[in-house]
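Now for the letters of each chain:
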Amino acid sequence: MNFQKGVAMNLSSTDINNTNNLFLLWEQELMLRHDLRKGTRSVQEVKIETAADLDLLYRALYFSDYTDFFTILINNLSNTAALNWLQNAPDWLVLRFWSFLPWYLQHHVVSTDNLQFLIRLYKSDLKPEYQRILKHLNLSQVQYLISRTANPALRELFKQQETILIDKRQQAYYGLADKSRLPYPTIYGDKSVIIVQTLDLLSASEKVNFSDPYGSERFIQQLLVAEGLFQCGLIYENIAYLKKVYREYEQENRLVALLDEQRIVKNMSQQLRRLLPLHALLTRQVQPKQYVLLIYEQYFPRLLPDEASLLYLDLYLKLLDYLSRDNSVFPYDVQSVLQQLEQKHPGDKELFSIMADNISTDKEDLQPIILAIKNRLTSMPHEAFVLLEFLRILLIKGYLVQDIEIFNQVLTAYAQLWRWVPSFLFFNPAVTEQIGWANSSLRQHFEKISGLLDYYHGETLFYDLKNRPDLFRKKDETARREILFGKLTGVLI
């Protein structure tokens, strides 16, 4: 039998256990031992079905390399045959197994559902061994086991370890994991919840948690971290992290599955198409489209930008130029970009046709734009923002009337973007002055933000944070917390 790396092995499929010829049995067993010893690097893939399989592996491996034998045993303990074999093994071997298990858990990843053997094998005299083992389990593994054991003594052991891990998590997450924290709603959900989830993902994506730190499984996990950073509104950190992931992917990856590679490249491309244009707007790039293309060229050379989405950056520049002009005539250069967008996005033909040719005060004509803004708030926030600016600037130029229903939705969308990423891009005194009339509550909130921004000049914010931290914990101080987040993340300078 050949036993090569990456190939699962069913020992019971051999003829070894199906012969009465003792000489043939000995000869075949000898050959199998030889093959097993030659291919010990693939012990993680060995699957057993019967106790006879383990007997054979024990004779073939234990006395030459007991670590390989115990590795196979651990990976098969969800199998009743393996579990019974261990329970009936000699005491000296069982003791050595319990001594080996903490080391194995420290250096290898064991899926959470494969740890249920800890529940079935527990005895009161194993308490010291279990205390050593539990130090190498993470919080989700411990909580999984708590939910599946009815043994009071074992449950208490798990609960004690859970408390220790929760305390450590609280310290590592600066209190963000405290369930009593105040809510921080954004377009992607509660920001504080998303931050904790992202920190958990980041911890789970560390190299030590993967048998192959540069395989597809870890890269997919890292892309979940990147998605979490974006949803948290940590735009600068998101770019830095994706640069690191892409660099490792290009230099270190050992992917063999084409489908995995396609999935990773597609996911990373989708994230960058949403992230980089927004970053260009947040950092007030003079030529945002060219800036994004340069980032692709320097840091993500194999990935392709979305030309249609980048046209929104051109549209934004044309709109700002139009806003600065004295005349109110709808400019040809804005129409030209809209026509390009219509060609690139034929599915949005109605939207861009209305924007380019049929601007009117009719609510029905504006509804496709409002709907597009709502749909793009989470999928393509920079596109939603440019569409908001389109309506605001057309209002200023006299093309639109002050319709409360329409501009309440516009002002609400600006506020949603601000709560997600507190940047002057999404809120500034001009927005409050020009469309604040559409929602008195939001206008008051923006006016409070303006007052706090005037107050928090220089080091005043960090003085209050240090000496008057309770100010930021009050339920009605949402604006103060938003400003704090903006300052800490560098989007409010």
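Here, every reference points to the structure presented above.
Residues numbered from 1 in each chain as written. Predicted model: local features only at pLDDT ≥ 70, side-chain atom pairs only at ≥ 80, totals over all residues. Heavy atoms only, no water.

Caption draft 1: Spatial organisation of helix H8 (residues 139–146). A large share of H8 lies buried, amounting to six of its eight residues. Packed against the buried residues of H8 are helix H6 (117–120) and helix H9 (152–172). (Buried < 20%, exposed > 50% of the residue type's maximum accessible area, 1.4 Å probe, protein only. Helix = DSSP H or I, 4+ residues; strand = E, 2+ residues; numbered from the N terminus. Contact = heavy atoms within 4.5 Å.)

Caption draft 2: Fine view of the packing of aromatic side chains. Within the structure shown, the criterion is met by 35 aromatic pairs. Note on tyrosine 62 and tyrosine 66: the rings are 6.2 Å apart at their centroids and 50° apart in plane angle, and the pair reads as tilted. Between the aromatic rings of phenylalanine 100 and tryptophan 103, the centroid separation amounts to 5.5 Å while the plane-to-plane angle is 40°, which identifies the pairing as tilted. On the criterion of helical spacing, the pair formed by phenylalanine 100 and tryptophan 103 is a turn pair, its members being three residues apart in helix H5 (residues 91–107). Judged by its relative accessible area of 6%, phenylalanine 100 is buried. (Phe/Tyr/Trp six-rings, centres within 6.5 Å; stacked < 30°, edge-to-face > 60°.)

Caption draft 3: Inspection of the pattern of salt bridges at higher detail. Counting across every chain of the model gives 21 salt bridges. Ionic pairing is found between glutamate 383 and arginine 376, a salt bridge with its closest N-O pair at 2.9 Å. The buried category is assigned to glutamate 383, whose relative accessible area is 3%. Residue glutamate 477 is joined to arginine 480 by a salt bridge in which the shortest nitrogen-to-oxygen separation is 3.0 Å. For the pair glutamate 477 and arginine 480, one class covers both residues: buried. Linked through salt bridges whose partners overlap, the residues forming this network are Arg218, Lys244 and Glu248. (Salt bridge = Lys/Arg side-chain N within 4 Å of Asp/Glu carboxyl O.)

Caption draft 4: The arrangement of a nonpolar patch on the surface in detail. On the surface, Phe462, Leu465 and Leu488 cluster together into a nonpolar patch covering about 250 Å² of accessible area. Residue classification places phenylalanine 462 among the partly exposed residues on the basis of a relative accessible area of 34%. (Patch = residues over 30% accessible without salt bridge, like charges linked within 9 Å, V, L, I, M, F, W, Y side chains within 5 Å. Areas by Shrake-Rupley, 256 points an atom, 1.4 Å probe, with all protein chains shown as cover.)

Caption draft 5: A look at the packing of helix H22 (residues 440–455) against helix H24 (residues 478–488). Where H22 contacts H24, the axes come no closer than 9 Å and their chain directions differ by 55°. Between H22 and H24, the crossing angle belongs to the class labelled oblique. Handedness of the H22/H24 crossing: right-handed. From H22, His445, Lys448, Ile449, Leu452 and Leu453 reach across to H24, where they touch Thr478, Ala479, Arg480, Glu482 and Ile483. (Axes fitted to C-alpha atoms, helices over the stretch in contact; angles between N-to-C directions. Parallel < 35°, antiparallel > 145°, perpendicular 65-115°, else oblique. Left-handed = near helix turned anticlockwise from the far one by under 90°.)

Caption draft 6: Structural detail: the environment of glutamate 383. Topologically, glutamate 383 is positioned in helix H19 (residues 381–396). Along the backbone, glutamate 383 and leucine 311 are 72 residues apart, and their C-alpha atoms lie at a distance of 9.4 Å. With near-sequence residues (within four places) excluded, glutamate 383 lies in contact with Ser309, Tyr312 and Arg376.

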